[in-house]
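Here's the letter readout for the chains.
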Amino acid sequence: MLPPLPPGTPLEVVYGPRTGKNVALTVHGSGDPKLATALLEIAEQRGAGLTVMVVGSWLDQQPQMARRILDGGHELGNHTQNHQNISAMSPDQARAEIAQCAERLQRLTGSIGRWFRPSAAQYATPMVREQAKAVGYEHVLSFDVDPRDYSDPSAAELQRRVLTSAKGGSVVALHMGHQCTVDALPGILDGLAKAGLKPVTASRLFTPA
Ligand SMILES: [Zn+2]
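Because the structure is predicted, anything quoted here is derived from the model rather than measured.

(A) Fine view of the overall build of the protein. On a plain count of helices and strands, the protein comes out with eight helices and eight strands. Relative to its length of 209 residues, the protein is compact, with a C-alpha radius of gyration of 16 Å against a globular reference of 17 Å. Expressed as lengths along the three principal axes of its C-alpha atoms, the size of the protein is roughly 45 × 40 × 30 Å. Split into buried and exposed, the 209 residues of the protein put 45% on the buried side. Across the protein, the fraction of contacts at a sequence separation of at least 24, relative to all contacts at a separation of at least 6, is 80%.

(B) Examining the pairing of strand β7 (residues 171-175) more closely. Taking burial as the measure, the five residues of β7 include five buried ones, the bulk of the element. Burial along β7 is two-sided: V171, A173 and H175 facing one way and V172 and L174 facing the other are all buried. Across five bridges, strand β2 (residues 22-29) lies against β7 in parallel orientation. Each residue of the ladder has a partner; that of H28, found in β7, is H175.

(C) Main features of helix α5 (residues 126-135). Listed in full, the buried residues belonging to α5 are V128, Q131 and A132. Projected onto a plane normal to the axis of α5, the buried residues spread over an arc of 100 degrees and lie on a single side. Elements in contact with the buried residues of α5: α4 (91-109), β5 (115-116) and β6 (139-141). Just past α5, the residue G136 takes up positive phi, approximately 125 degrees.

(D) The environment of S87, seen in detail. Looking at where S87 falls in the secondary structure, it is placed in the loop between β4 (75-78) and α4. With 15 C-beta atoms packed within 10 Å, S87 lands in the partly exposed category. Measuring from C-alpha to C-alpha, the distance between S87 and D60 comes to 23 Å, with 27 residues separating the pair along the chain. Once residues lying within four places of it in the same chain are set aside, the contact partners of S87 are P118, A121, T125 and V128.

(E) Focus on the nonpolar core. Grouped together as the largest cluster of nonpolar side chains are 57 residues, with contacts concentrated most on A24, L25, V27, L39 and V172. Looking at this core, the element that brings in the most residues is helix α7 (residues 179-194), giving seven residues. If we skip the residues at most four places from it in the chain, V172 touches V23, A24, L25, T26, F143, V145, V162 and A166.

(F) Quick peek at the packing of helix α1 (residues 33-45) against α7. Packing of α1 against α7 brings their axes to within 9 Å, and their N-to-C directions diverge by 10 degrees. Of the possible angle classes, the one that applies to α1 and α7 is roughly parallel. On α7, the residues touching L35, A38, L39, I42 and A43 of α1 are Q179, T181, V182, L185 and P186. Classifying every residue of the contact of α1 with α7 by side-chain character gives eight nonpolar, two polar and no charged.

(G) Spatial organisation of unusual backbone geometry. Although it is not a glycine, H83 sits at a positive phi angle of roughly 55 degrees. Tracing the backbone through its elements, the reader meets H83 in the loop between β4 and α4. Of note in the backbone geometry, R148 takes a positive phi value of approximately 55 degrees without being a glycine. Residue position: R148 is located in the loop between β6 and α6 (155-165).

(H) Main features of the packing of α6 against α7. Close contact between α6 and α7 brings their axes to 8 Å; oriented N to C, the two are set at 45 degrees. By the angle between their axes, α6 is oblique relative to α7. Here α6 runs over α7; the crossing is right-handed. Touching A155, L158, Q159, V162 and L163 of α6 are C180, T181, D183, A184, G187, I188 and G191, all from α7. Grouping the constituent residues of the contact of α6 with α7 by class yields seven nonpolar, four polar and one charged.

What counts and what doesn't
- Residues numbered from 1 in each chain as written.
- Predicted model: local features only at pLDDT ≥ 70, side-chain atom pairs only at ≥ 80, totals over all residues.
- Helix = DSSP H or I, 4+ residues; strand = E, 2+ residues; numbered from the N terminus.
- Rg over C-alpha atoms; globule rule 2.2 N^0.38 Å.
- Buried ≥ 20, exposed ≤ 12 C-beta atoms within 10 Å, placed from the backbone.
- Contact = placed C-beta atoms within 7 Å.
- Pairing = 2+ DSSP bridges.
- Arc of directions from axis to C-beta.
- Core = buried A, V, L, I, M, F, W, Y, C linked by C-beta atoms within 7 Å.
- Axes fitted to C-alpha atoms, helices over the stretch in contact; angles between N-to-C directions.
- Parallel < 35°, antiparallel > 145°, perpendicular 65-115°, else oblique.
- Nonpolar A, V, L, I, M, F, W, Y, C, P; charged D, E, K, R; others polar.
- Left-handed = near helix turned anticlockwise from the far one by under 90°.

Right, dumping it as structure tokens:
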């Protein structure tokens, strides 16, 4: 069971406590499972917990990845079933997108996970927040650092973008399925360590041990 979040945690979380030295690396979960596994392994070798915001249709193709992610000490969240522009949907469509991914998480891991993140949007609209809540997600996980790894910059550039922006409490948005992210992660983890920052899961960011 996940420990409860502190009282007063906002419905939509953008970053964690700025007074601490923890950061959360969150990862859009879809794409080539070889690249996904490579990213997990790098994080695991260095004791970093990731938070994988998983796309339900990807779990349909790669159901083994759900347990693989949790067994590596990472956290899993819901990033919709089909990764469409959820803000533009009707409330019923948006609810179905969230509920279908939640069903897969429940079936494969026994839990729907704590966090929901909207697809194709940094922030959830009030409608999307309401639908997420109806499915069982009390909190939406946004982010404050977006290094745009999905546009495939060089590993050095990606490292620079993360390391110049991340500070205590930051929630960084990364993506599986991109070689540049795999190539950049060792340097990102080295740079964070040098800055005294510790990458933890999103739940751990808000409930430090
Ligand atoms: Zn995404």
